Structures are given as C-alpha cells and as structure tokens.
Amino acid sequence: MSAKNPEYDFKWCPGCGDFGVRRALEWAVEERGERTGEPIYNNVIVAGIGCSGNLVHLYEGEQQPYGIHGIHGRTLPIALGVKMGRPDLNVIVVAGDGDFLSIGQEHIAPQAARNLDITCVIMDNGVYGLTKGQSSPTGEQNMVTNSTPYGKLEVGLNPLQFFLSVGVSFVASAFSGKPRDMAKLMGQAMDHPGFSIINVQSPCTTYNDTFEMLKGSKNKGIEPALYDIPEDHDPTDWNAALEIARADGVPVGILYQEQYSQPLHQRIIDTIHPQFQAKTVPEMLEAFVL
Amino acid sequence: MERRDFVVRFAGEGGQGVVTAAEFLARAAATVGYHVMTFATFPSQIKGGPTYTQVRISTDPVLSSGDEIDVLVALNLEAYNNHKAEVREDGVVMYDTVFEIDAETRALGVPIEVLAKEAGEARSANMVILGALAHLVNMPKEYFQDFVAERFKGRDKVVDFNTKALELGRLHAATSEFQLGSLMAPIRPEGKQILIKGNDALSIGALQAGVDYYVGYPISPATPIFIFMEKNLVGPGRFAYQATSEIESITAIIGAGYAGKKAMTATAGPGFTLMSEGLGLAWMAEIPCVVVDVQRGGPATGLPTKTEQSDFQTALHPAHGDSKLPVIAPGTIEECFYSAIHAFNWAERYQGPVILLSEHMMAERSQNIPMPDLDLVPPETRETYTGDNGYLRYDGAELSAMPIPGSPGAYVANGSEHDSYGDTTHLAERHVQMTERRFGKLKLLEDGHYESEGTDSPIAIMPWGGSKGPGREAWEALIASGQSIGWYYTMFLHPLPAKLLEELLQKELVIVPELNYLGQFSSYLRTYGIRAESITQYTGLPFKVSVLEERITKRVEAHGRGVVRV
Ligand SMILES: Cc1ncc(C[n+]2csc(CCOP(=O)(O)OP(=O)(O)O)c2C)c(N)n1
Ligand code: SF4
Ligand SMILES: [Mg+2]
C-alpha cells in the first residue's frame, strides 16, 4: 500500500529489474483471481529481505493481497507456516538471490522434498543490492564486488540446475524485461500443485547491470544470452530440463514440471487422515486416570 | 513405627529397567490412593550409562522428590557406590546378589534373577524387587497383587508369574532382619486423580487451549511434547510436523499464527537460542504464537539430561533490540496443564509471542494430580478484523483487531519498523509510537493470579518454576519451627501480576531460590526496585528441602544482623 503513502521510504533505483517483476506479479494474481473467482485477499505474499522483497509494499487498494515481510532468508519456512495453516490460500514467495540461495538455501531442499504447494519468484541479480553490492551465490567466478575486491573465489551457482537437482517440481526461468511472458509463467506456476520456482533475471542497474549481456547489443556485436525454450521441449522430461539448465545462455520458459505432483497438504489428507482417530481432551486425560 | 512417607531410589544402568520399575511402583502406589512423585535423571547415551529414578510415596500431597533415600535399589556396583552416601542412616540398600558390596552397610542382597526365573519368567525381575520393598515398609501384599491383576487383566500367565515373583521377593526380604516401620494406609485424595508427566500435562493443556498448528525439532527434554503432537494433532484444520531446524520451527509457527492459527513449538536451550531472530519478528509484527522452552542445563549443548532454571533472562529477552517477552513458568505438574492454556490466552490477547518456561525436572517426572478442571481457564481467541479491505492494521498506540488472510483487511505484517499500513518507515515518531504500542500491550497481561501467605512479615520467599515444591516444603518447615517468613509464588513471571508487584515492593527482603548461577529472577525483580536476592544452585539437580531450610534461615539471620547481601 505504498505508492501513495508518503511515509514509505524505500524506492528502487531507476531501471531496476524488480519493477518489471512487480508488474508481472500484479497481472498474474489479477488474472488468477478472474479465472478462479477467488478474492484478492486469498493471496499471501511472503517477502524476503533485500531490495527485491520490498515489492510486497507496492500493491494498493482493491488490488492489495496480504503480505508478510519478515526476516532475511526465512521466506520458505514462513510460507510453510501460512500454507500448511491454511492450504486454501495462494502463497507466493518473493525473494532475492542472496536471501533465497545464500542465507536461506537450507530451506529449499526440504520444501522440494515436501512439495509444499507455493510459488517462489526469485529476483536474481547476482548481487546483494540492499547492502550495496556484495557478492552473491549466483554471481560469476572472478566477479569483482566490494566484498570480493580481488575477484570472487567461488564458482557461480547455477540456480536452475540446483533447483532441478533437489527435486523442485516446477522450475521456470524468466526475464524482468518481459513482464507479460513472466506473468504467464507465474500463472502456470501458481496452478501447479506443488513447489514451484521461477528464477527471474532481474538486473541491478546500480551494482550489476546485466541488461546488455541478457538482451545483447547489435552495435557492440554482443549476442543476447536470453533465448526462448524451444516449443518442442517436453517439460515433463527431467533430463532434458537439466540439459537446458546446464547449457550456455539464459532460457526463458518452463524447464520442468512434474507430471504427477502431489503436494504436502494432499499427502496428509491421503495418507495420514485415514489412519487417525481423533480424541477429545477429556478422552486423552482419561487415559491417565489411576 | 508408623510412617507417612517413603523414598525409594532405583539406580543402575540405562536399559536395566530402572525407570520401568520406578514407574510401576509409583503407579501401583498411586492406584491404592497414595500420593506419589518420581524424579528421573537419564544418561545421555541410549543404551547403558548410569541412571536413576526416585519414587516418593506419601499419605500427604508430595511437594519434592525427597532429600534422603529410605531404600536404595542398586542394580550394579557402580550404582551402589554412587548413591550409598544418600541413604539415610536407618535406611537399607537392596542389591542384586550378582555382585558383592562392603559388609558394613545395612544391605539386603536379593538374587533377583534367580527368583524371577523361579517365578517362571526372567522379565518379572522388577516384581521381585517390588515384593521385597513391600515387606520393608510392611505394605499389605494385596496392594501390588491387585494392581498386577488389574494391569495384566486377561493375560493369566503374565498375572501368574508376576504375582509369584512379588511373593518370592517378599518372602526373601522377610528372611532378613530389616524393617523400616509401617507405611500408613493411604488417605485417598478426593476426586478423580491422574498420574501424568509434566510434558504430557502441558501438551494436553495446549490442546485444551485450542492449539491447531505445531512444528518442532527433536531435543531433550522437549521431545515428548513434539511426539505427542505428531501423534495427536492430526485431522482437518490441524497440522503437526517435524522441521529441519528450530529456525524453521519458529518461522513456520509465525507464518501460521499470522494465518490465524493457534501455533506452538517446543524446544530446549540450544533450539531456543536459534529462535532468537524469529521471536523478535513475532514481537515486531504482532503475531500470536507460543514457544515452550523446557529448560535443561546450559549454555551450548550444556547438560541435556539435567535440570536447571537458567533460561529465564533469555526467555525475557531472546531477541535483539527493545523487546521483553511475556513469560509463564509452571511450578508443578498441575500447573503445566493450566499454564499452557494461559500461554495461548496471553498470545491471543496481546497478539504476540509468549514463552512457556518448563523444566527438565517437571517434564520427565510423574505425579498424581487431580483431574484437571476444564472450566477453570476458558480458552481465549484473538480479536479478528471483520471489515472491508483498506484496514490500517497497525494504527494507533493500542492493540487493534487482527485481519486474517482469506478475509478482507489485507496488510503487510512487517518485521521492519512500520506505519499504520504495515509499510516500512524510518520516521522517528513512528518508531516511538510503535515501540510504545508494543510495550503498552503488555498491560493486558498483568492480571495473573498469585499465591501469598504470611504477608505481614517484612521478609518473604518467592521461588519460581520447579523450585516451587522444595521451596514450599522448606517454607512450611520453617513456619512450623516458629519463623516468620512470607510466601509468594506466581507462574506469571512477566509481566508480574500488578498487585503482586506492589506487595513485593513493600518487603525488606525477598529471597528467591533458583537453579542458576546468576540469580536471574532476583536480578529481574531488582529492576523493579524489589529488594530481592537469590539462593542459587547449579548442580543440575533440584534443591533439597533441608539445604533450602538451612540457607533461608542463614539469610534471614543475616538480615536480622543488618547484612544486606550474602
Ligand atoms: C540475518 C541478516 N543478515 C544480514 C542482513 C543484511 N541484509 C539485508 S538484505 C541482504 C542481502 C540482499 O540480497 P538479495 O537477497 O540478493 O536481495 P537484493 O537486494 O539483491 O534484491 C543482507 C545481507 C539481514 N537483514 N539479516
Ligand atoms: S540497488 Fe540494485 S536491486 Fe536494489 S533497487 Fe537499486 S537497482 Fe534495484
Ligand atoms: Mg540480489
């Protein structure tokens, strides 16, 4: 609720990729609402700490979903709380590459194993924006930042490959400069019954401007890194998805979508509820009677 | 000689059935109508390792597990050596004749396994011991026999060999000269009684409060609460789940609390420390949740299987920045049940995190308590917002109704300082307003009840948590010996009941027995201007009543001589 709120004192830098992500998410949520008839207040955005997470404050009025802007790196367990408390809600995580893949990385594999039915939108800019330009897991090796003045020592993390390898059941890749396409991917991710991640190239114009690398430049003879995933790619084919993730370039589209995806809350209904006999408090106490 | 009270300690190695024997004795005695309390210490290892469980049986309500042992049942030489010093002079050591002990002890050797086999089943070894114990205090043999018959009803063979084993043990003890007097017939407590452990009582209390979301991670001594929830908190609208860390536990219950659930987790020191940042978030964003810390010895991995009351200050201030969390600490098994309801009521009422501080000592001990009264503490539920979208969730300086996702009133629950919408802001006046709002809500919790007796005296003792029992027993003894000391007790540690605070401020000296080095609770009382001082102990064990009597007496005498601190 902030564009018109004079007290809100955070603003993205001009040209920041996150503007496009904000717009795309708004469209996606709106479109989903029209399609399903669900009110906007059935959506909960769980935001990470970083420039990216501030997206959660930028929806207003009739179009404002619920939000929770918590602590750095913990979007996934907070989302576990919201979703498993209220499986009827549509839960969306928005986080930066530092938040999600560095401090919060320990939470990704467990969520994949659980197949928690949420949608994650990662604003990957290869850098820590909010803390002013330090090295992030997805930054490339040898990259010079203020925390790696002599070059980054680690190999850059390939997030798509990582997500696939830990068993995320929906993996897509998008670009902030193409919000319409991204909104469509977000809609598909929200419809997927399970753990969905969209890794969005969302350049940081201040500390790591990758627009040119992504879009290419005819004048400078730079080939675009972005390319659309070919239509004949079968997203249910995990090996093919892995090949795309490992190949050069930045793909746009759905890499992988598990065909028979059963989310955690459904597993509970199917396997645990039939085994369980509810007991009332008096019945429980009765078991301890002398 | 008639006696009202009888203390038995079973000591041996993990896996030797020490706990089973003790629990069986406690249950049998409680079933006949005695009051019982057990006290257990465990080895950290799973198999083997020294362990003991103590059972106190009494015709009166039991407040502590007993200072001295009447009978030590030593199942190996090490146990004998470790515990013999605590056997009272006229007590008896009962030992297994598979090993030998020094001749001078008053010792009753029992060929436990031989007799058990004679009864028809080596597994009946515990019954041999119980039969011998019954003889030592002249208990009618029917007590245990009836209990065995009832317990193993329908399994005639089991009843048969256990009954035989009881009898063989009894006859064997009768061949010795040892007799510890006659335990008086029980005075059956009024009303229905249950025999229960603190962790179970607390878990059922939470269910009574309406808990419907639990995420936890295994850690002694809180694991039984987690296991209980995994088993019982199931069904539509409910969720119990194993997290991958306590960071996940706390943030998950915050997400659930935000989504309208009555959410809880339970942990011990190391896990509680990991929850630090999350608890700050719950305080800041005003999200109800309950965190149980079953204290063990600390810091770091500390003493996982021992008891201590050393997390109080951490419970009060687990997070960085300006915050001071509500803390409730039960002092008895009965209070474990009710305190869980109070903790949820507080969380729902002030919309924030509440720390329920239990202790190893209570978590793992069994005691008979009256069947809890389910009408005594009615469960409360937070005030929820029911208007349209466009609500100012954090408006004003006081508590406001909480919107729940899935209904209108969308807002951002924010862990950064925020304005009325929940949007981040750094304005000085907002931080002032919101800080005061958060602290101001604590006023809603100052209505807790407390115990007070002998309020005319300028000196009082005020134990907290599990030191209540030994503290009370010591106080009763001191009063009986003619001393004039007041008694105060509450499980509502922060905020303190407003009236209690007023009364304590009038005292010349408030003595706080507590199991930590720093004197954590008395230093907290001093921040309010109360002249409080601690009697500390940090052995990993609860207070002995006699030790407390002596130390309280000394402190009171010193006060009489004008000494301010000892
Ligand atoms: C526990 C903790 N450690 C460190 C920080 C400081 N911090 C805030 S944002 C951030 C990194 C943000 O990077 P990223 O997630 O990539 O988001 P971006 O700003 O690039 O969108 C850090 C380290 C913090 N808030 N909390
Ligand atoms: S620092 Fe980078 S990521 Fe942050 S707002 Fe500016 S451009 Fe965007
Ligand atoms: Mg980043």
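Residues numbered from 1 in each chain as written. Chains lettered and ligands numbered in written order. Predicted model: local features only at pLDDT ≥ 70, side-chain atom pairs only at ≥ 80, totals over all residues. Heavy atoms only, no water.

## What to know about the overall build of chain A
Secondary structure summary: chain A contains 10 helices and 10 strands in total. On C-alpha atoms alone, chain A measures out to a radius of gyration of 20 Å, which is about the 19 Å that the 2.2 N^0.38 rule sets for 290 residues. Taken across its 290 residues, chain A has 57% of its residues classed as buried. Long-range contacts, defined as pairs at least 24 residues apart, comprise 68% of the intrachain contacts of chain A with a sequence gap of at least 6. Taken as a whole, chain A presents about 12400 Å² of accessible surface, with 52% of it coming from carbon and sulfur. A gap of 4 Å separates the mean positions of the 21 positive and 34 negative side-chain charges of chain A. (Helix = DSSP H or I, 4+ residues; strand = E, 2+ residues; numbered from the N terminus. Rg over C-alpha atoms; globule rule 2.2 N^0.38 Å. Buried < 20%, exposed > 50% of the residue type's maximum accessible area, 1.4 Å probe, protein only. Contact = heavy atoms within 4.5 Å. Areas by Shrake-Rupley, 256 points an atom, 1.4 Å probe, with all protein chains shown as cover. Lys, Arg positive; Asp, Glu negative; His and termini not counted. Charge placed at Lys NZ, Arg CZ, Asp CG, Glu CD.)

## Some details on the site of ligand 2
Close to ligand 2 lie Trp12(A), Cys13(A), Cys16(A), Cys51(A), Asn125(A), Cys204(A), Thr205(A), Thr206(A) and Tyr207(A). Here the shell around ligand 2 is built from residues that sort into 6 nonpolar, 3 polar and no charged. (Near = heavy atom within 4 Å. Nonpolar A, V, L, I, M, F, W, Y, C, P; charged D, E, K, R; others polar.)

## Some points on the site of ligand 1
Near ligand 1, the surroundings consist of 17 residues, among which Cys51(A), Ser52(A), Asp97(A), Gly98(A) and Asp99(A) are the closest. Nearby residues place ligand 1 at the junction of chains A and B. Within the backbone of Gly98(A), an N or O atom sits 2.8 Å from an oxygen atom of ligand 1. Residue Asn125(A) places a side-chain N or O atom 3.0 Å away from an oxygen atom belonging to ligand 1. The protein chains hide 76% of the 580 Å² of surface that ligand 1 would expose on its own. Secondary structure elements with two or more residues in the shell around ligand 1: helix H3 (97-103) and strand E5 (127-128) of chain A. Counting residues per element, the shell around ligand 1 draws most heavily on H3(A), which supplies 4 residues. Class assignment of the residues belonging to the shell around ligand 1 gives a composition of 6 nonpolar, 8 polar and 3 charged. (Polar contact = N/O pair within 3.5 Å; in protein donor to acceptor, adjacent residues only side chain to side chain.)

## Comments concerning the interface of chain B and chain A
With 68 residues of chain B in contact, the opposing surface of chain A contributes 52 residues. In total, chain B and chain A occlude about 5000 Å² of area from one another, counting both sides; carbon and sulfur atoms represent 63% of this. The interface formed by chain B and chain A includes 2 salt bridges. Of the charged contacts, one joins Arg114(A) and Glu248(B) as a salt bridge, the two residues approaching to 2.8 Å between their closest N and O atoms. If you look at where chain B meets chain A, you find 19 residue pairs in polar contact (both at pLDDT 80 or more). Every element with two or more residues in the side of chain B that touches chain A is listed here: helix H1 (18-32), strand E9 (193-197), helix H7 (198-209), helix H8 (223-232), strand E11 (239-242), helix H9 (246-258), helix H11 (276-285) and strand E17 (412-414) of chain B. Element by element, the count of residues in the side of chain B that touches chain A is highest for H9(B), at 8 residues. (Buried area = accessible area lost by both parts, 1.4 Å probe. Salt bridge = Lys/Arg side-chain N within 4 Å of Asp/Glu carboxyl O.)

## Some remarks on the coordination of the magnesium ion (ligand 3)
All names here are of chain A. Coordination of the magnesium ion (ligand 3) by the protein involves Asp97 (OD), Asn125 (OD1) and Val127 (O), with metal-donor separations of 2.1 to 2.2 Å. If you list the donors of the magnesium ion (ligand 3) from N- to C-terminus, the spacing comes out as D-x27-N-x1-V. Taken together, the residues Asp97 in helix H3 and Val127 in strand E5 connect sequence positions 30 residues apart. Considered together, Asp97 and Val127 belong to a single accessibility category, that of buried residues. (Donors = N, O, S within 2.8 Å, 3.2 Å for Na, K, Ca; no water.)

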